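Below, each chain spelled out in residue letters.
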Amino acid sequence: MDTLKMFQKFRLTVSLLILTLLTSYGLFAQLNDENIYLLVGLSDFNKGPVRQLNLPDENNKINEFYANDTSLVSLYKRQLEIAGFEIDGFEFRKINTIDGLSGPAIYSTKYSSRFNSFFRAKYLFYRYEEDTDFKIKIYSLVLKRKKFKSLNQKLLFLKGLFTRYGNVRDGVYQIKVDSDGRNMRLIKKLIKDTDSKILHHTRTTDLIPGTQTITFMPSMILKDFISNSIGNMN
């Protein structure tokens, strides 16, 4: 009996030691914190998002921003730390953006697989570099429905999405994204899953891929999430 008690005490001590180590190094938060869904919602959906996956290091790209998105980049950095990520595990670079300016992009060899797990790559087309004739394959990254299981995951994602792409006009809520529609279908479903009401879904086709706007009335719980993002995150 004494041997059994000693073994149980030893096992409890080891369990507490492991938990302490995980907490000290931020690993416990990484494994259990759903705030990565908010970060995914803050992704650059204005390009599809599109990746040139056969280019060096393209698989390690986490996110990118326009040149004037300085406050959004600062917000994103804070949310990385809140979610339990080590900020030293990310590299912030300047790249040429669609607005013709040099905007920040975020890369990570350490964490890219966690972010990439939210998307599946859909091949679109290829192009050749003028100087080298290198064949560049262009893919669209499409959100995986199976990643969004709990209500909290859906709310966090929509909170991030609205923070970057949303607005409120005359009491009506809108999310406006330059997208080809694949991700917008899932976004509509996630909004409905929060018991919110879709009022309109429009698309302009004057420019490729077109601007899509979802107009909706949020449920009380989604409204509270969005109001919190407007008041405390910007």
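Check the entry above for the structure.
Residues numbered from 1 in each chain as written. Predicted model: local features only at pLDDT ≥ 70, side-chain atom pairs only at ≥ 80, totals over all residues. Heavy atoms only, no water.

1. Focus on unusual backbone geometry
- Backbone geometry places D170, a non-glycine residue, at a positive phi of 55°.
- With respect to the helices and strands, the residue D170 is situated in the loop between β7 (166–169) and β8 (172–178).
- The exposure class assigned to D170 is exposed, which follows from its relative accessible area of 83%.
- Of note in this structure, D195 is not a glycine but carries a positive phi near 65°.
- With respect to the helices and strands, D195 occurs in the loop between α7 (182–193) and β9 (197–204).
- Owing to a relative accessible area of 68%, D195 belongs among the exposed residues under this scheme. (Helix = DSSP H or I, 4+ residues; strand = E, 2+ residues; numbered from the N terminus. Buried < 20%, exposed > 50% of the residue type's maximum accessible area, 1.4 Å probe, protein only.)

2. With respect to the packing of aromatic side chains
- Considering all chains together, one arrives at 15 aromatic pairs under this definition.
- An angle of 85° between the planes, with centres 5.9 Å apart, marks the rings of F85 and F90 as edge-to-face. Taken individually, F85 and F90 each receive the classification buried, so the pair is uniform in this respect.
- With centroids separated by 5.8 Å and ring planes inclined at 40°, the aromatic side chains of F162 and Y173 adopt a geometry described as tilted. Of this pair, F162 sits in helix α6 (residues 151–165) while Y173 sits in strand β8; the two residues are eleven residues apart in sequence, bridging distant segments of the chain. (Phe/Tyr/Trp six-rings, centres within 6.5 Å; stacked < 30°, edge-to-face > 60°.)

3. Re the environment of T163
- Within the secondary structure layout, T163 lies in helix α6.
- Given a relative accessible area of 12%, T163 falls into the buried group.
- Separated by 64 residues in sequence, T163 and S227 have C-alpha atoms that sit 9.6 Å apart.

4. Examining α7
- Taking 1.5 Å as the rise per residue, α7 with twelve residues should run 16 Å; its terminal C-alpha atoms sit 18 Å apart, in good agreement.
- Where α7 is concerned, the buried positions are N183, M184, L186, I187, L190 and I191. With its buried residues spanning 160° around the axis, α7 presents them on a single face.
- Phi turns positive, to about 65°, at D195, one or two residues after α7. (Expected span 1.5 Å × (residues − 1). Arc of directions from axis to C-beta.)

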